[in-house]
Amino acid sequence: PALFQMSGSQPQLGRGVPCLRCRGLCTGFEPHSWRKICKSCKCSQEEHGLSSELDDDRKIGRLLAGSRHASLTARLKGGDGARIYKRNRMIVTNPNISGKDPTFDTITYEWAPPGLTQKLAMQYMELVPKELQPVAGTDGAVHRRWRLARQLPLHDQDPSQCRGLAEGEQQLMETFVKTYKAEALGVGEVALPGQGGGGKEEEKPQDKSIDPGRAPESANGALESTAGHYRCDTCQQPLPGDCPVVYAARAGYSRLWHPACFVCCRCAEPLVDLIYFWKSGAAWCGRHYCESLRPRCAGCDEIIFSEDYQQVEGLAWHNKHFACLECETLLTGKPFTLANASLLCTTCSQSRV
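Residues numbered from 1 in each chain as written. Predicted model: local features only at pLDDT ≥ 70, side-chain atom pairs only at ≥ 80, totals over all residues. Heavy atoms only, no water.

In the annotation of an unreviewed UniProt entry, the protein chain is listed under the name LMCD1 protein and assigned to Leptocoma aspasia. In its Subcellular location (unreviewed entry) section, UniProt records this for the protein chain: "Cytoplasm". (UniProt positions renumbered as here; feature names shortened; annotations may be inferred.)

1. Observations regarding the overall build of the protein chain
Across its full length, the protein chain carries six helices and 17 strands. Expressed as a percentage of the 353 residues in the protein chain, the buried residues total 47%. At a minimum sequence separation of 6, the contacts of the protein chain that also span at least 24 residues come to 52%. (Helix = DSSP H or I, 4+ residues; strand = E, 2+ residues; numbered from the N terminus. Buried < 20%, exposed > 50% of the residue type's maximum accessible area, 1.4 Å probe, protein only. Contact = heavy atoms within 4.5 Å.)

2. Here's the deal with the environment of Arg 21
If you trace the backbone, Arg 21 turns up in the loop between β1 (3–6) and α1 (53–64). Looking at Arg 21, the relative accessible area reads 56%, which means it is exposed. Along the chain, Arg 21 and Glu 46 lie 25 residues apart, while their C-alpha atoms are 9.9 Å from each other. Filtering out sequence-adjacent residues up to four positions away, Arg 21 remains in contact with Cys 43 and Glu 47.

3. A few points about the pattern of salt bridges
This model, assessed by the stated rule, comprises twelve salt bridges. Arg 145 is the salt-bridge partner of Asp 56, the closest N and O atoms lying 2.5 Å from each other. Residue Asp 56 is located in helix α1, and its partner Arg 145 is located in helix α3 (residues 139–151); the two are separated by 89 residues in the primary sequence. By relative accessible area, Asp 56 is classed as buried at 4%. For Arg 296, the salt bridge is made with Asp 156, and the minimal N-O distance between the two is 2.8 Å. (Salt bridge = Lys/Arg side-chain N within 4 Å of Asp/Glu carboxyl O.)

4. Focus on the packing of α1 against α3
It is the contact of α1 with α3, at a shortest axis distance of 12 Å, that shows an interaxial angle of 45°. In terms of orientation, α1 and α3 fall into the oblique class. Considering how the two elements wind past one another, α1 and α3 form a crossing that is left-handed. For the pair α1 and α3, contact is made by Glu 53, Asp 56, Lys 59 and Ile 60 and by Arg 145, Leu 148 and Ala 149, respectively. Residues that form the contact of α1 with α3 fall into these classes: three nonpolar, no polar and four charged. (Axes fitted to C-alpha atoms, helices over the stretch in contact; angles between N-to-C directions. Parallel < 35°, antiparallel > 145°, perpendicular 65-115°, else oblique. Left-handed = near helix turned anticlockwise from the far one by under 90°. Nonpolar A, V, L, I, M, F, W, Y, C, P; charged D, E, K, R; others polar.)

5. Focus: helix α5 (residues 286–293)
Buried within α5 are the following residues: Gly 286, Arg 287, His 288, Tyr 289 and Cys 290. Residues of α5 that are buried make contact with α3, α4 (170–183), β12 (275–279) and β13 (282–284).

6. Topic: the nonpolar core
Among the nonpolar cores identified, the biggest contains 61 residues, and Met 90, Tyr 124, Tyr 180, Trp 257, Phe 262, Ile 275 and Phe 277 are the most heavily contacted of them. Ranked by residues supplied to this core, first place goes to helix α2 (residues 118–126) with five residues. Apart from the residues lying within four places of it in its own chain, the contact partners of Trp 257 are Cys 232, Asp 233, Thr 234, Val 245, Val 246, Ala 248, Ala 251, Phe 262 and Trp 278. The next biggest cluster of nonpolar side chains, apart from the first, holds 16 residues, and it includes Trp 34, Cys 300, Ala 316 and Leu 325. (Core = buried A, V, L, I, M, F, W, Y, C linked by side-chain atoms within 4.5 Å.)

7. Digging into the packing of aromatic side chains
The relation between two aromatic rings is expressed through the spacing of the ring centres and the mutual angle of the planes. Summed over the entire model, instances satisfying the criterion amount to 13 aromatic pairs. Geometrically, the ring pair formed by Phe 176 and Tyr 180 is edge-to-face, given 5.7 Å between the ring centres and 90° between the ring planes. Of this pair, Phe 176 and Tyr 180 both sit in helix α4, four residues apart, which is roughly one turn of that helix. With a centroid separation of 5.4 Å and 80° between ring planes, the pair formed by Tyr 180 and Phe 277 is classed as edge-to-face. Of this pair, Tyr 180 sits in helix α4 while Phe 277 sits in strand β12, placing them 97 residues apart in sequence. Just as Tyr 180 is buried, Phe 277 falls in that class too. (Phe/Tyr/Trp six-rings, centres within 6.5 Å; stacked < 30°, edge-to-face > 60°.)

8. Considerations on the sheet that holds strand β7 (residues 189–191)
Spatial strand order, β7-β10-β11: three strands in an open sheet with antiparallel pairing. Strands with a single pairing partner mark the edges of an open sheet, and in this sheet they are β7 and β11 (256–257). Bridge count for β7 against strand β10 (residues 245–247) is three bridges, and the pairing is antiparallel. By the bridge assignment, Val 190 is partnered in β10 with Val 246. (Pairing = 2+ DSSP bridges.)

Quick look at the structure:
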């Protein structure tokens, strides 16, 4: 049988970790003083896989603590009151009887939806593209960790991780985080069609902003034109009654999704561990939800809480971070070039040619 258990910690990774994107061309991560990039190859921190599993579980534990999903966290023993994510790993052992002596093949999923039977959890995994299934030791597990770093950056929830906050802005950020936990943060629930919320199909308190192009829904979640059937909220294809689906409580239990269709409305990336932010009738990843409320600095990747910042071609920068990527010269009032969201002074731009 499959076993569900909390993950253990992994050794802390850090300086010297090669870049996933550069495939060996980067000799190792060299932290920048305030940018979230490697000084050596200019790729982001998440491309170097710098966090450990324990770091990740602490981060999600912090995010979910104080929210309606605090039950998915546990208090750290001997800690400072911090909470850690009770991440479900699924270990599946299958007998291999092809040889003379039976052996057992063990597959470990680094994350699986909590509270399900092994059969339903495996059905869910089979509905996720194989390259995204978080099987330990595969690209799917690496991609999950990458999405976790990308979609839920620690500097979007922890002021102590921010370098761009000016005096007096920490309180603004703390209020920002408290508000999104109360009003937008959610974790998808996996169940069979009609069984979301414990089988309760009545509407929950939700954001009423629904796409006017959507067909009217009946009380049981079916489109009126196909009474008795369910359709995926994203692709509008029918959902068989014996296949698991994803529900989002903030959307109300009349809306449901194929596991592969529960994605961010902005970047279309699958929502890591089903963690979503609900706004304007749609699910967002944490990164793009925060950016929909406040500008994000293209220099340090942090949310900007000041009303005084630089803007160029739809991008934003803290005033103190409006600087050349190569030589760090401040460019306010000076000529510059902008390429791939990176600023360069004229001297550094010419030297690249």
